[in-house]
Amino acid sequence: MQQKKDNRMKSSVSTFSVEKPEESSGFLLWQVTNLWHREIKKALEKHEITHSQYVLLASIYWLMLHSHEVTQIVLSNHTNIDPMTTSMVLRSLQKKGFVIRREHQTDTRAKIVELTEKGIETAKNAIITVEKFDRNFFSKLENDVIIFNYNLIKLL
């Protein structure tokens, strides 16, 4: 019986292509992502928004500053958040008074998204919080941040 168990364990162990968990890029990325997400969630609590809400608020603000007409589809493409989720998060932001959605003048299927004054203030304050958090979190990479970002872009 013990022999069978040992053989099963050897078979299971040989399934992995790495000898140690820290040799698995996917496992490490998962751990870092979870740590970063947990901490960013805490940082955003004082603004009373979720991380998804922050991403959409900050993206609307960014697109507005860069003279883009912000539609839900433009926003979905910019953030890589699927259109249905984008719509649901925008609905919650609208209920909080951060955004206004209105019909597009020429495309009846499209919705224009704009930040309210409250939305602009929340976006600005949350951006300051998140950028400070990110600088601190990624400071452990020191001069490798540029290479890290470059590699993330390659993965995307």
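Summarised in this report is the structure supplied together with it. (Residues numbered from 1 in each chain as written. Predicted model: local features only at pLDDT ≥ 70, side-chain atom pairs only at ≥ 80, totals over all residues. Heavy atoms only, no water.)

1. Observations concerning helix α2 (residues 25-44)
Part 1 of the argument: Given a rise of 1.5 Å per residue, 20 residues ought to cover 28 Å, and the 28 Å separating the end C-alpha atoms of α2 matches this to within 8%.
Part 2 of the argument: When α2 is considered as a whole, its buried residues turn out to be W36, I40, A43 and L44. When α2 is viewed along its axis, its buried side chains cluster within an angular range of 80 degrees and face the same direction. Summarising the geometry of α2, the exposed residues directed more than 90 degrees from the buried face are W30 and K41.
Part 3 of the argument: Check the buried side of α2 and you find it contacts α3 (51-65) and α6 (117-138). (Helix = DSSP H or I, 4+ residues; strand = E, 2+ residues; numbered from the N terminus. Expected span 1.5 Å × (residues − 1). Buried < 20%, exposed > 50% of the residue type's maximum accessible area, 1.4 Å probe, protein only. Arc of directions from axis to C-beta. Contact = heavy atoms within 4.5 Å.)

2. Brief notes about the nonpolar core
Part 1 of the argument: With 29 residues, the main nonpolar core has Y54, L57, I60, L90, L93, V99 and L115 as its most contacted residues.
Part 2 of the argument: Looking at which element gives the most residues to this core, the answer is α6, with eight residues.
Part 3 of the argument: If sequence neighbours within four positions are ignored, L90 has contacts with L56, I60, Q72, L75, V99, R101 and V113. (Core = buried A, V, L, I, M, F, W, Y, C linked by side-chain atoms within 4.5 Å.)

3. Remarks on the pattern of salt bridges
Part 1 of the argument: All told, the structure shown has four salt bridges when counted by the stated rule.
Part 2 of the argument: A salt bridge links E103 to K111; the shortest N-O distance between them is 2.6 Å.
Part 3 of the argument: Overall, the relative accessible area of 30% leaves K111 in the partly exposed class. (Salt bridge = Lys/Arg side-chain N within 4 Å of Asp/Glu carboxyl O.)

4. Observations concerning helix α5 (residues 83-95)
Part 1 of the argument: For α5, with 13 residues, the first-to-last C-alpha span of 18 Å sits near the 18 Å given by 1.5 Å per residue.
Part 2 of the argument: Taken together, the buried positions of α5 are occupied by T86, S87, V89, L90 and L93.
Part 3 of the argument: Each element contacted by the buried residues of α5 is listed here: α3, α4 (72-79), β1 (99-103) and β2 (111-115).

5. Overview of the packing of α3 against α6
Part 1 of the argument: Where α3 meets α6, the closest approach of the two axes is 9 Å, and the angle between their N-to-C directions is 105 degrees. The angle between the axes of α3 and α6 places the two elements in the roughly perpendicular class. For the pair α3 and α6, the contacting residues are Y54, L57, A58, Y61 and M64 in the first and G119, I120, T122, A123, K124, A126, I127 and V130 in the second.
Part 2 of the argument: Among the residues making up the contact of α3 with α6, the classes are represented as ten nonpolar, two polar and one charged. (Axes fitted to C-alpha atoms, helices over the stretch in contact; angles between N-to-C directions. Parallel < 35°, antiparallel > 145°, perpendicular 65-115°, else oblique. Nonpolar A, V, L, I, M, F, W, Y, C, P; charged D, E, K, R; others polar.)

6. Describing the environment of E121
Part 1 of the argument: One can find E121 in helix α6.
Part 2 of the argument: Classification of E121 by relative accessible area gives partly exposed; the value is 42%.
Part 3 of the argument: Taking C-alpha positions, E121 is 9.0 Å from F98, a pair spaced 23 residues apart along the chain.

7. Details of the packing of α4 against α5
Geometrically, a packed helix pair is captured by the angle between its two axes and the distance between the axes.
Part 1 of the argument: Close contact between α4 and α5 brings their axes to 9 Å; oriented N to C, the two are set at 110 degrees. Here α4 is positioned roughly perpendicular relative to α5, judged by the angle of their axes. Of the two elements, α4 crosses α5, and the hand of that crossing is right-handed. Of α5, the residues touching α4 (which contributes Q72, I73, L75 and S76) are P83, T86, S87 and L90.
Part 2 of the argument: Taken together, the residues of the contact of α4 with α5 sort by class into four nonpolar, four polar and no charged. (Left-handed = near helix turned anticlockwise from the far one by under 90°.)

8. Thoughts on the packing of aromatic side chains
Part 1 of the argument: The tally for this structure, following the rule as stated, stands at four aromatic pairs.
Part 2 of the argument: Taking the centre distance of 6.1 Å and the plane angle of 15 degrees together, the rings of F27 and W30 count as stacked. Here F27 and its partner W30 are both found in helix α2, three residues apart, which amounts to about one turn of the helix.
Part 3 of the argument: Accessibility expressed as a relative area gives 53% for W30, which makes it exposed.
Part 4 of the argument: Here the aromatic residues F133, F137, F138 and F148 are joined through ring pairs into a cluster of three or more.
Part 5 of the argument: Seen from the ring of F137, K140 lies directly overhead, with NZ or CZ sitting 5.9 Å from the centre. (Phe/Tyr/Trp six-rings, centres within 6.5 Å; stacked < 30°, edge-to-face > 60°. Lys NZ or Arg CZ within 6 Å of the ring centre and 35° of its normal.)

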